[in-house]
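Observations on the three-dimensional arrangement
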Amino acid sequence: MSVQNLNVHDPFAEDGDPLGDSQDVGSQADYIHIRIQQRNGRKTLTTLQGLPKQYDAKKLLKEFKKEFACNGTLVDDEKMGQVIQLQGDQRSKISTFLIDNGIEKDTVKVHGF
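As annotated in an unreviewed UniProt entry, the protein chain is Translation initiation factor SUI1 from Mycena pura. Annotation of the protein chain in UniProt includes, under Function (unreviewed entry), the sentence "Probably involved in translation." UniProt lists a comment for the protein chain under the heading Sequence similarities (unreviewed entry), and it reads "Belongs to the SUI1 family."

Next comes the structure, spelled out in structure tokens:
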């Protein structure tokens, strides 16, 4: 007597599907994401993730803090990599700063309300 139901088989996978084994389908890895998070009350937190490796996040954070007159921190997340967090709603300021300093406008995505 053999047990056949223990085999791993995806009934929705098609033979010859070019995207069947790809893990990067719809990946947002090519973009720089600027998001806002609501804290308590009227307080907000702006996060920047997906920065290319060629940019130094510590120097960029220092420049953001000086330019926008706010506090911030650099958080290492295992899933998202290095994330820059700034106090307040700094989305438009960050996007214009990045675009003015050589990052393409198409790669910057601004999220939030």
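**Some remarks on the overall build of the protein chain**
Within the protein chain, the secondary structure is distributed over two helices and five strands. Along the protein chain, helices (α) and strands (β) appear in the sequence β-β-α-β-β-α-β when read from the amino end. Relative to all contacts within the protein chain whose residues are 6 or more apart in sequence, the contacts with residues 24 or more apart total 50%. Carbon and sulfur atoms provide 47% of the accessible area of the protein chain, an area that totals close to 8,900 Å².

**Quick look at the packing of aromatic side chains**
Pairs of aromatic rings are described using the distance from one ring centre to the other and the angle between the two planes. Inspection of every chain in the model, using the stated rule, returns three aromatic pairs. With a centroid separation of 5.4 Å and 15° between ring planes, the pair formed by Phe64 and Phe68 is classed as stacked. In this pair, Phe64 and Phe68 both sit in helix 1 (residues 57-68), four residues apart, roughly one turn of the helix. Note on accessibility: Phe64 and Phe68 belong to one class, buried. Note on Phe64 and Phe97: the rings are 5.2 Å apart at their centroids and 70° apart in plane angle, and the pair reads as edge-to-face. Residue Phe64 is found in helix 1, and its partner Phe97 is found in helix 2 (residues 91-100); the two are separated by 33 residues along the sequence.

**Here's the deal with the sheet that holds strand 3 (residues 72-77)**
Across the sheet, five strands lie side by side as 3-4-2-1-5; this open sheet has mixed pairing. Of all strands in the sheet, those with a lone pairing partner are strand 3 and strand 5 (108-110), marking the two edges. Across the sheet, the mean angle separating the axes of adjacent strands is 25° when strand polarity is ignored. With six bridges connecting them, strand 1 (residues 32-38) and strand 2 (residues 44-49) associate as antiparallel partners. Its bridge partner lying in strand 2, Arg35 is registered against Thr47. Sheet strands touched by helix 1: strand 2, strand 3 and strand 4 (81-87). Its angle to strand 4, the strand with the most contacts, is close to 10°.

**Quick word on the nonpolar core**
Counting residues in hydrophobic clusters, the biggest one holds 17 residues, and the most contacted among them are Leu48, Phe64, Ile84, Leu86, Ile94 and Leu98. Elements with a minimum of two residues in this core: strand 1, helix 1, strand 4 and helix 2. The element that contributes the greatest number of residues to this core is helix 1, accounting for five residues.

**Some remarks on the pairing of strand 3**
In the sheet, strand 3 pairs with strand 4 via six bridges, with the strands oriented antiparallel. Paired with Val75 across the bridge in strand 4 is Val83. Hairpin connection of strand 3 to strand 4: three residues between the antiparallel strands.

So, how was this worked out
- Residues numbered from 1 in each chain as written.
- Predicted model: local features only at pLDDT ≥ 70, side-chain atom pairs only at ≥ 80, totals over all residues.
- Heavy atoms only, no water.
- UniProt positions renumbered as here; feature names shortened; annotations may be inferred.
- Helix = DSSP H or I, 4+ residues; strand = E, 2+ residues; numbered from the N terminus.
- Contact = heavy atoms within 4.5 Å.
- Areas by Shrake-Rupley, 256 points an atom, 1.4 Å probe, with all protein chains shown as cover.
- Phe/Tyr/Trp six-rings, centres within 6.5 Å; stacked < 30°, edge-to-face > 60°.
- Buried < 20%, exposed > 50% of the residue type's maximum accessible area, 1.4 Å probe, protein only.
- Pairing = 2+ DSSP bridges.
- Axes fitted to C-alpha atoms, helices over the stretch in contact; angles between N-to-C directions.
- Core = buried A, V, L, I, M, F, W, Y, C linked by side-chain atoms within 4.5 Å.

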